[in-house]
Every structure is written in structure tokens, then in C-alpha cells.
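# Coordinate inspection notes
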Amino acid sequence: MTQPLDLAEFLAPGVAADDVPELASLAAARPLLDAFITLFRGSEAEVLMRLLVLREIGRESDAPRWSPEALRARFTYLDPVKLETVLKRLRDNALLAFADDGLYHLSDIGRNAVAALAMLLRFAEEEDAELGFLTAQLAGLQAVGSLTPEALGHLLSKLNDLTWHFEEAIASGSEFNIVAARRRLSANEKWLARGTEILRELLADPEVPFEVAHVAQRIGLAQSRLARADASFQRALNKIEAQRVTLGASGISSSDVSAWLRTLTADKLAAFADGAFALVPEIPLLAGGHELLDRAEAVLSDEVRAQEVDAALPPPDAAEVNTAPETEDLALLQHFARRLGGVSQSASLADVVAGGGFAPASYRLSLLALLADGESAGPADGPVGEFMRLPLDVLFGDTLEAVEEDEIALISAGRVTPRGTAPATDTPSATTLEDIR
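Structure report, in brief. Small disclaimer: the values here were computed from a predicted structure and weren't measured.

### Regarding the packing of aromatic side chains
If you walk through the whole model with that rule in mind, you get 4 aromatic pairs. Over the face of the ring belonging to Phe75 we find Arg74, whose NZ or CZ atom lies 5.7 Å from the ring centre.

Structure representation (C-alpha cells):
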């Protein structure tokens, strides 16, 4: 029988259990919680034995009822007295039922507990499979129509935790941390893809509750951040690659040496210091009174100090009159700005950027991507600022269209439209231009 709860010593003075709504759902689930308390109370050996017996009894699906003799024959490797103690504990706490026909079988709560443990143990065999377990739970809840904001919140928390972990690995600047984080991201890619399918199906339902849809949208944003993490990893690794030092002509880099040192034990690392440090003996002061007096006189003399410290500036040097400061060549940008200034009707990206070969076209396409970011992203003055204030809307599509001329094979589908002639829409900022060669 379930004993009454005594939570007074855990609650603040003057607060009753009925005043805490969060306790209501837990108190209503006390039979299930009592089942897990029964399983996991006691020493580790006792917990393992209860789980072992309960799992083996529930594993037999064709004949789910066991006689006491069959159980003793099944667990011959256990002490008979200990086995009886485990069976009694499971039976007294409603995990195991003893029918009128004298046969044991799992209760409903016991079977649910075994099923939950089986799923946990299944995902525990894989590396970093927490995301897989949460995604599998969501898939099951969605299949039976029992998806709740709380269940979605667990997945959102895990995704945010992964994002924080990946950002911390990049901020550390450690190649090994970044590679390990990238490997972890690759291991979770299939679960991210499965989660995306679940969200797509969920948001496609017009009758989905608002609270569920709100959390689902936040999960979609978190998954988008994780999808961009791989590119961040590659940029960080490229920076590290630029700083990597190669040891002579051996082909061995500083990263190889660091990876090898990580495989050594602390004792082996300490052994490298043997003979590498020399003890410097303390040299006594070998100076007499005359030497000390000479040094003191040189330090205290204003004339000597003036000779030692010469703070005079060097003589001026004539600067070259015809030397002009270096300036950035913006001729191509200004020429392109004049071309865009003549656009009076909607034109495709291929018509606007083509001309002069692949390199100038790529530069013009990058300028259009800059123009699509908005006027606020540019400087206030100068040719760049004037370019950013052109009254044009740049719309990029998600597909590619063939050009096959002027060294351009494919280009992102899109339009350049005078502002006010077509509604502006939020579009991806990524652009693509492929060399025909």
C-alpha cells in the first residue's frame, strides 16, 4: 500500500504540498515511481540482481508465465535464497504478479519498466546516443498522438547543449577539441535528419496545439544552428592549418607531435625532463668595498646618468613628396554601380553579372549578395556606401540555372528588381557561381 507523503521537511516554512502545482503530476504517478524506487533502492549488487531477474522474466514472450520451479531452473547461477528474496521484493512492490494458478508473470507496471530500461540500454550501447533516444521518444509519442511541449522541450534542451558544446570547442582554438566536436556532430546527423522529418510532419498539421508548434519552431532554429556548425568547424581548422609548423623536411607537423604526446602516460612525459634541466648553483657575491663604491658613485652621479640615458629624438628625415598613400582599387565596383543604376526593369542575375569572364562575374555576384543584406550593413560614406544605397532589390532563389557562356556554367536563379516594382521577400543569402571549366 502506498504510504502517505511527508514533504514538510523539504518545503519552506508555511508552504504545503498542495501549494506546489508541480508536485501534483509526480504524486499522481506514485505507483510507477514506486516501481522504479523498488528497482533502484539498495546496493549496486541488489539493483543489478533485480534488473536481471525482471528482464529475464519479461524476455520470454511465447510463454510469459513462469512456475517457481522454472524460475529456479532458469537462474541456477543465483543463490536460491537470494533469488527468493529478489522475487519477494518484486512481488511485494507490484512489479511481479503471482497468479492464483501459482505462476509468476510481469505486472503492467513491471512490463513498462522493463520496456523503458530496454530502450535506455539499447541507446547506451552507442556513442553519444542521447539525441537518438530523445528523437525516438518523440517519434513514438507522435505516432500515438501524445506529443507534449515537455517532451519537445527535452529535445530542445539537448540541441542547445550541443550548440554550446560546439561553440566552446571552436572558441578553445584546440584542433583536437574541434575534431572531436566535429566527430560528435557527424554521429548525430542521422538523428538531426530524423528530428527534421518529425518537425515537418508536426508543423504540417493545422490542428497542432500552439504550445507544441511554438517549441517545434524553436527546435527548428536550433537544428539550423547545428547544421551550420560543420562550416564553422572547417573555418576554425583552416585557421589552425595556416599556423601549423612542419618540422624540417620530415613531413611531421606540430599537430602530429601533439597527438603523439597525448598518447603517452604522465610517467613517460616526466621521463623526458630527465637531464633536460640543469641546476644553477647560487654564486656568492664576490665584490669588495672598492667595487661597491665605484658602482654606487656611477649610479648616484647626475653626469653619469645623463650620459647613460639619452632621451633626445633622432634628427628629422625629409619625407618623399611624391609618395601617395595606398588606396583600394574600387574601379570595378564603381563601374558595376553605374551599370546597376541603369536597370529600369527586372533582370536575371545571369544578365546582370556576366561579362569579362568568371572572375569579374564572381566579384559582381558577391557585390549583389552584399547589396541584398540591406543598406544598414554598409559604411556611411564612400563608393561602397553609395553602392549599398542603390534603390534595387536582389532576390536569390534556391535553384541553379544554366548559362554555359562567358566561362560560367551555372548560376543561382534570381532577379535584380528596381525597388518598389516587386515585393521583397526573405530569401537565402547564399549564392553560387560555377566555372564552366
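Next comes the rest of the write-up.
### A word on the nonpolar core
The nonpolar side chains of a soluble globular protein tend to be buried with one another. Counting 35 residues, the largest nonpolar core has Leu152, Leu159, Phe166 and Ile219 as its most contacted members. For this core, the secondary-structure elements that each account for two or more residues are α7 (130–143), α8 (149–172), α9 (175–187), α10 (189–203), α11 (210–227) and α12 (229–243). Looking at this core, the element that brings in the most residues is α8, giving 8 residues. In this structure Leu159 touches Leu131, Leu192, Ile219, Ala222, Gln223 and Leu226, once residues within four positions along its chain are discounted.

### Looking at the pairing of strand β4 (residues 392–405)
Summarising the sheet, β4 and strand β5 (residues 408–418) pair through 9 bridges and their orientation is antiparallel. By the bridge assignment for β5, Phe396 is matched with Gly414. Here β4 folds back onto β5 in antiparallel fashion, the turn holding 2 residues, of which Asp406 has a positive phi close to 55 degrees.

### Overview of the pattern of salt bridges
Summed over the entire model, instances satisfying the criterion amount to 8 salt bridges. In this structure, Arg72 and Glu84 form a salt bridge, with 3.5 Å as the shortest nitrogen-oxygen distance. Taken together, the positions of Arg72 in helix α4 (residues 68–74) and Glu84 in helix α5 (residues 80–92) put the pair 12 residues apart, joining distant regions of the chain. A salt bridge links Glu197 to Arg194; its shortest N-O distance comes to 3.0 Å. Placement of the pair is Glu197 and Arg194 together in helix α10, with a separation of 3 residues, close to one helical turn. The exposure class assigned to Glu197 is partly exposed, which follows from its relative accessible area of 38%. Look at Arg194 and you get partly exposed, because its relative accessible area is 33%. Residues participating in the shared-partner salt-bridge network are Glu69, Arg72 and Glu84.

### Points about a nonpolar patch on the surface
Taken together, the side chains of Trp260, Leu261, Leu269 and Phe272 present a nonpolar region at the surface, about 390 Å² in accessible area. Relative to the helices and strands, Phe272 resides in the loop between α14 (266–271) and α15 (289–300). Residue Phe272 is classed as partly exposed on the basis of its relative accessible area, which comes to 48%.

Procedures and definitions
Residues numbered from 1 in each chain as written. Predicted model: local features only at pLDDT ≥ 70, side-chain atom pairs only at ≥ 80, totals over all residues. Heavy atoms only, no water. Phe/Tyr/Trp six-rings, centres within 6.5 Å; stacked < 30°, edge-to-face > 60°. Lys NZ or Arg CZ within 6 Å of the ring centre and 35° of its normal. Core = buried A, V, L, I, M, F, W, Y, C linked by side-chain atoms within 4.5 Å. Buried < 20%, exposed > 50% of the residue type's maximum accessible area, 1.4 Å probe, protein only. Helix = DSSP H or I, 4+ residues; strand = E, 2+ residues; numbered from the N terminus. Contact = heavy atoms within 4.5 Å. Pairing = 2+ DSSP bridges. Salt bridge = Lys/Arg side-chain N within 4 Å of Asp/Glu carboxyl O. Patch = residues over 30% accessible without salt bridge, like charges linked within 9 Å, V, L, I, M, F, W, Y side chains within 5 Å. Areas by Shrake-Rupley, 256 points an atom, 1.4 Å probe, with all protein chains shown as cover.

Functional significance is not addressed by these values, which are geometric in nature.
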